[in-house]
Amino acid sequence: MNQSANRHDTHVDISAEQLARAIERDEFVFHYQPQISMLSGKVCGAEALIRWTPPSGDVILPSRFIPLAEATAQIRALSVAMFPKLVSDLVIIHDVLPELVMSFNLTAQDFESDEMLSCVSNTLERFQVSPHLLKVELTETSLINSSEHVRHNIKSLLQQGVSLAMDDFGTGYSSIDVLSQWDFSTVKIDQGLIKRMLTSERSTTIVESSINMAHQLGLEIVAEGIESEAVYEYLLNAGCTEAQGFWLARPMPLAELLSFLRKDRRWPGMPIGLIHMAQLDHIQWRRSLIEHVMTKAFNGGAETGVRSVLAEMDHTRCKLGQWYHGIGQEYKGIPCFDALDTPHQQLHAIGQQLLDAVNQADPLSEVTQQLQALSQKSGELLSLLHELEYYARLRQTGHSH
Ligand code: C2E
Ligand code: MG
Ligand code: MG
């Protein structure tokens, strides 16, 4: 059933009693907003967004009642009532798209008792749905200043196999601190930041740096609030991995979502941003290798205090290698892509010789010679990656016109 726009979010003064009655009468449903993988250009997930649908036919948005539900401690009852509905919808959704990952929103209060935890495990057991296809979205405010018990319960949920996304990244004042302490799989860049990219260079730089940071940490990056093709294309080129926003799809009732998924639409999904990331990955690898070698050669390996990341020496397991043997394979057959493998393997061989040299305390002159060889090979590899990026951009332009 289609709701006309002016029936949405009708202003009503909601009292705690009205809300309690609505929860009792089960007047809530989820709408689902598709999330698109920027690698494949296809739907890979959805976010469940709660709607209050009173008998009047209105659709009341969460901003009008979630804060009240939190302030009157009714949120737990609401979340516990909604989770089984989510999973029962998900079973139907999985009939159309079995690998769809469903994200849902919870708050710290949901974890104050053990009720939510047992609700999740019982429901998943009952419907035989894998926890790996569920992702819980929390904002940093849910995580900072939370009690020991809340933290413990969130961790238990993650141990069950549900993954964790940080919602509204960039709006708080300690997102990065929280990011460093919790086992996130995903960062969702706040829609305010995404919107300000249109008018502010600073916001663009912040978004780009957030994408780079998330990539270095091995996290998925979802951009929220994409309202135009231009913003989508920009984020694609910046290496963002997932997209959500009105330009792609609005939140919709289950029936609409099912027909949407059946259409199997495609958006531009050429991972050019990831070629750029591959260059950064290689520079990062080279830097950590050189740093390690220099510390050993000049300091005799004395601890500097900061836990530095040791360069991965297996050429199939370093980040560049993972890209090359994974997603990068879509460029197979293109000469500058195929040519990458040789200098990349040689770089790892030189890297290993360097490590051996400093471990055996070889003369500095020999170490320096090998460093020069490393630097030259690195230049060779980077110019191939540049060439590939240029080629992919040309191909993309050719595609879109
Ligand atoms: P959120 O989790 O950050 O969800 C994204 C919000 O952005 C949704 O608003 C969505 O409709 C909106 N949105 C998505 N793409 C665009 C776009 O391109 N442009 C614009 N202008 N907006 C876009 P919604 O559904 O009104 O939800 C608002 C907030 O309410 C959510 O923010 C979340 O914090 C909360 N919420 C929603 N469902 C639940 C729930 O089941 N439980 C709890 N605790 N909170 C929920
Ligand atoms: Mg959310
Ligand atoms: Mg958000």
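Further up the page is the structure itself.
Residues numbered from 1 in each chain as written. Chains lettered and ligands numbered in written order. Predicted model: local features only at pLDDT ≥ 70, side-chain atom pairs only at ≥ 80, totals over all residues. Heavy atoms only, no water.

Observations concerning the coordination of the magnesium ion (ligand 3)
For the magnesium ion (ligand 3), the full set of protein donor atoms is D167 (OD), D168 (OD) and E224 (OE), at a range of 2.1 to 2.3 Å. Each donor residue of the magnesium ion (ligand 3) lies on the same chain, and together they follow the pattern D-D-x55-E. Between the magnesium ion (ligand 3) and the magnesium ion (ligand 2) the interatomic distance comes to 4.2 Å, and D167 is a ligand of both metals. On the criterion of sequence distance, the pair formed by D168 in strand β5 (residues 163-169) and E224 in the loop between β7 (220-223) and α10 (229-238) is long-range, its members being 56 residues apart. Its relative accessible area of 25% is what places D168 among the partly exposed residues. (Donors = N, O, S within 2.8 Å, 3.2 Å for Na, K, Ca; no water. Helix = DSSP H or I, 4+ residues; strand = E, 2+ residues; numbered from the N terminus. Buried < 20%, exposed > 50% of the residue type's maximum accessible area, 1.4 Å probe, protein only.)

Some remarks on the site of ligand 1
In the vicinity of ligand 1 lie 23 residues, with R51, D167, Q191, E227 and F246 positioned nearest. One of the side-chain nitrogen or oxygen atoms of E224 is found 3.4 Å away from an oxygen atom of ligand 1. Within the backbone of F246, an N or O atom sits 2.8 Å from an oxygen atom of ligand 1. A total of 800 Å² of accessible area belongs to ligand 1 in isolation, and the protein chains cover 82% of it. Only β1 (28-37), β2 (43-52), β5 and α8 (191-196) provide two or more residues apiece to the shell around ligand 1. (Near = heavy atom within 4 Å. Polar contact = N/O pair within 3.5 Å; in protein donor to acceptor, adjacent residues only side chain to side chain. Areas by Shrake-Rupley, 256 points an atom, 1.4 Å probe, with all protein chains shown as cover.)

With respect to the pattern of salt bridges
Here the structure, examined in full by the defined rule, presents 10 salt bridges. The closest approach of N and O atoms between K85 and D26, which form a salt bridge, is 2.6 Å. Note that K85 is positioned in helix α3 (residues 75-96) and D26 in the loop between α1 (16-24) and β1, a separation of 59 residues in sequence. The class of K85 is partly exposed, set by a relative accessible area of 24%. K188 serves as the salt-bridge partner of E137, at 2.7 Å between the closest nitrogen and oxygen. With E137 in strand β4 (residues 134-139) and K188 in strand β6 (residues 186-189), this residue pair connects regions lying 51 residues apart in the sequence. Residue K188 is classed as buried on the basis of its relative accessible area of 1%. (Salt bridge = Lys/Arg side-chain N within 4 Å of Asp/Glu carboxyl O.)

A few points about the sheet that holds β6
Read around the barrel, 8 strands follow the order β1-β2-β3-β4-β5-β6-β7-β8 and close on themselves; strand pairing throughout is mixed. Here 4 bridges tie β2 to strand β3 (residues 101-105), and the two strands are oriented parallel to one another. Bridging across to β3, E47 finds its partner in S103. Sheet contacts for helix α11 (residues 254-262): β1 and β2; angle to β1, the most-contacted strand, approximately 20 degrees. (Pairing = 2+ DSSP bridges. Contact = heavy atoms within 4.5 Å. Axes fitted to C-alpha atoms, helices over the stretch in contact; angles between N-to-C directions.)

A few points about the packing of α3 against helix α4 (residues 115-127)
Direction vectors running N to C along α3 and α4 enclose 20 degrees, while the axes themselves pass 10 Å from each other. Between α3 and α4, the crossing angle belongs to the class labelled roughly parallel. Once α3 is placed against α4, the crossing between them reads as right-handed. From α3, R76, S79, V80, F83, P84, V87, S88 and V91 reach across to α4, where they touch E115, M116, C119, V120, T123, L124, R126 and F127. For the contact of α3 with α4, a count of residues per class yields 10 nonpolar, 3 polar and 3 charged. (Parallel < 35°, antiparallel > 145°, perpendicular 65-115°, else oblique. Left-handed = near helix turned anticlockwise from the far one by under 90°. Nonpolar A, V, L, I, M, F, W, Y, C, P; charged D, E, K, R; others polar.)

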